[in-house]
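Here's the letter readout for the chains.
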Amino acid sequence: MRLNYPTNVKIVKVPCTGRVDILLILHAFESGVDGVYLAGCLEGECHFLRGNLRAKKRVQYAKKLLDEVGLGGARLEMYNMSSAQGQRFAEVAREMTEKIKALGPSPVKNRVRGVQDSRGQVK
Amino acid sequence: MIVANRKSLEEILNMLKPYKKVLLLGCNECVTVCAAGGEREVGVLASELKLSRAKDGQEIEIKEQTLERQCDHEYIDQVRPFVGDYEVILSIACGAGIQYVGEKYRTKIVLPGVNTTFLGVTLEQGVWSERCQGCGECVLHMTGGVCPIARCAKSLLNGPCGGSSNGKCEVDKDLDCGWQLIIDRLKELNQLDRYEEIIPVKDWTTSRDGGPRKRLREDLRL
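Rules of the game
Residues numbered from 1 in each chain as written. Chains lettered and ligands numbered in written order. Predicted model: local features only at pLDDT ≥ 70, side-chain atom pairs only at ≥ 80, totals over all residues. Heavy atoms only, no water. Pairing = 2+ DSSP bridges. Helix = DSSP H or I, 4+ residues; strand = E, 2+ residues; numbered from the N terminus. Axes fitted to C-alpha atoms, helices over the stretch in contact; angles between N-to-C directions. Contact = heavy atoms within 4.5 Å. Phe/Tyr/Trp six-rings, centres within 6.5 Å; stacked < 30°, edge-to-face > 60°. Lys NZ or Arg CZ within 6 Å of the ring centre and 35° of its normal. Domains from an automatic or database assignment. Core = buried A, V, L, I, M, F, W, Y, C linked by side-chain atoms within 4.5 Å. Buried < 20%, exposed > 50% of the residue type's maximum accessible area, 1.4 Å probe, protein only. Parallel < 35°, antiparallel > 145°, perpendicular 65-115°, else oblique. Left-handed = near helix turned anticlockwise from the far one by under 90°. Nonpolar A, V, L, I, M, F, W, Y, C, P; charged D, E, K, R; others polar.

(A) Spotlight on the sheet that holds strand β3 (residues 61-67) of chain B. Residue and element names in this part refer to chain B. Pairing within the open sheet is parallel, and its four strands lie in the order β3-β2-β4-β5. Whereas interior strands pair on both sides, the edge strands pair on one side only; in this sheet they are β3 and β5 (109-112). Taken pair by pair, the neighbouring strands of this sheet meet at an average axis angle of 25 degrees, ignoring direction. In this sheet, strand β4 (residues 88-91) lies alongside strand β2 (residues 21-27) in parallel orientation, the contact comprising four bridges. Pairing of leucine 25 across the sheet is with serine 91, part of β4. Each of β2, β4 and β5 touches helix α6 (residues 95-104); the most contacted strand, β5, lies at about 175 degrees to it.

Written out as structure tokens, the structure is:
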């Protein structure tokens, strides 16, 4: 389809969004990302039955934690799309990028000590 | 198990205000099962604290450690080699664990990261419910295995009271009447005749009224 989506979106592959733990999300923010979104299968079409529904609940909980922390829950979202919806994937990537750009950079960027950078070096 | 509830991040941040080096201690027993103070919750709380401090441009160094139990001194001893490197200990074990860590490291300030709430059971994943108040004199054999002390809002020994309506307690419309539960269970057990026996006035000295309690088994002592 040769679809374009913003280059700032980095993909972390997991077998199912049900694998995404709250700690994974928080660690991503510790490492300085400006936003996180989960792209799960359509509701009712999870290969593992309820993985995407579990992820949805975890995202809701993690949003509350991010609000408490002061980063804002809006930096985290959950989207549902099927693997056949490439168009939707690109659309969501653009939508989320614009939303996060409007929120501005993460206030904790490069400020959390003891976090590994992309080369595995501890800051 | 002992069920606890994590304190709000705001309350914990306020307690930690003067400190930059924190030893965060979780416990692998009850608070792990009720998802309040286990290894995972240690990780989440540490992350929340780091993010929050970083946002305000303040430093914090957190050592994450989860002990097998915080109510046995052998396990508490495991942090002795490095406890001195930290200004304060933040414990998310139950109230017993938090106090015992403080007793073992008398010059250290130990802060509570959870509110310890009750002795209970897991109704389903993510739902816990109170079952016992540790009154020190069990009457479950007389009440169909349902505790009137813990399950009745008034802890009545000969209930129910007039506040019981359609099996629910007047305290909360979603709360089962403890005495309705007792009567239902006695019926199931074919022991309804027990309901006619008056349970005598309870001796509360075995409970908290007798002051802090201690249990001793001489044969086990070293």
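What follows picks up the thread again.
(B) Spotlight on the packing of aromatic side chains. The tally for this structure, following the rule as stated, stands at three aromatic pairs over all chains. With 5.3 Å between their ring centres and 90 degrees between their planes, tyrosine 5 of chain A and phenylalanine 89 of chain A make a pair best called edge-to-face. Remark: phenylalanine 89 of chain A occurs in helix α3 (residues 86-103) and tyrosine 5 of chain A occurs in the segment before α1 (22-30); sequence separation between them is 84 residues. Residue placement shows lysine 21 of chain B over the ring face of tyrosine 86 of chain B; its charged tip is 5.8 Å from the ring centre. It is lysine 63 of chain B that lies over the ring of phenylalanine 82 of chain B; its NZ or CZ is 4.6 Å from the centre.

(C) Quick look at the domain arrangement of chain B. You can read the domains of chain B as domain 1 (2-118) and domain 2 (133-207). Each of domain 1 of chain B and domain 2 of chain B has a C-alpha centre, and these two points are 37 Å apart.

(D) Summary view of the nonpolar core. Of all hydrophobic cores here, the largest spans 60 residues; its most connected members are Leu38 of chain A together with Leu16, Leu49 and Leu90 of chain B. Top element by residues in this core is helix α3 (residues 39-55) of chain B. It accounts for seven residues. Beyond its immediate sequence surroundings of up to four residues, leucine 90 of chain B is in contact with Ile12, Leu16, Val22, Leu23, Leu24, Leu25, Leu45, Leu49, Leu111, Pro112 and Gly113 of chain B. Listed in part, the twelve residues of the second largest apolar core include Val146, Ile149, Trp179 and Ile182 of chain B.

(E) Layout of the packing of α1 of chain A against α3 of chain B. Look at α1 of chain A against α3 of chain B: their axes get within 10 Å of each other, and the N-to-C directions meet at 25 degrees. By the criterion of interaxial angle, the relationship of α1 of chain A to α3 of chain B is roughly parallel. Handedness of the crossing formed by α1 of chain A with α3 of chain B: left-handed. On α3 of chain B, the residues touching Ile22, Leu23, Leu26, His27, Phe29 and Glu30 of chain A of α1 of chain A are Arg40, Gly43, Val44, Ser47, Lys50 and Leu51 of chain B. Grouping the constituent residues of the contact of α1 of chain A with α3 of chain B by class yields six nonpolar, three polar and three charged.

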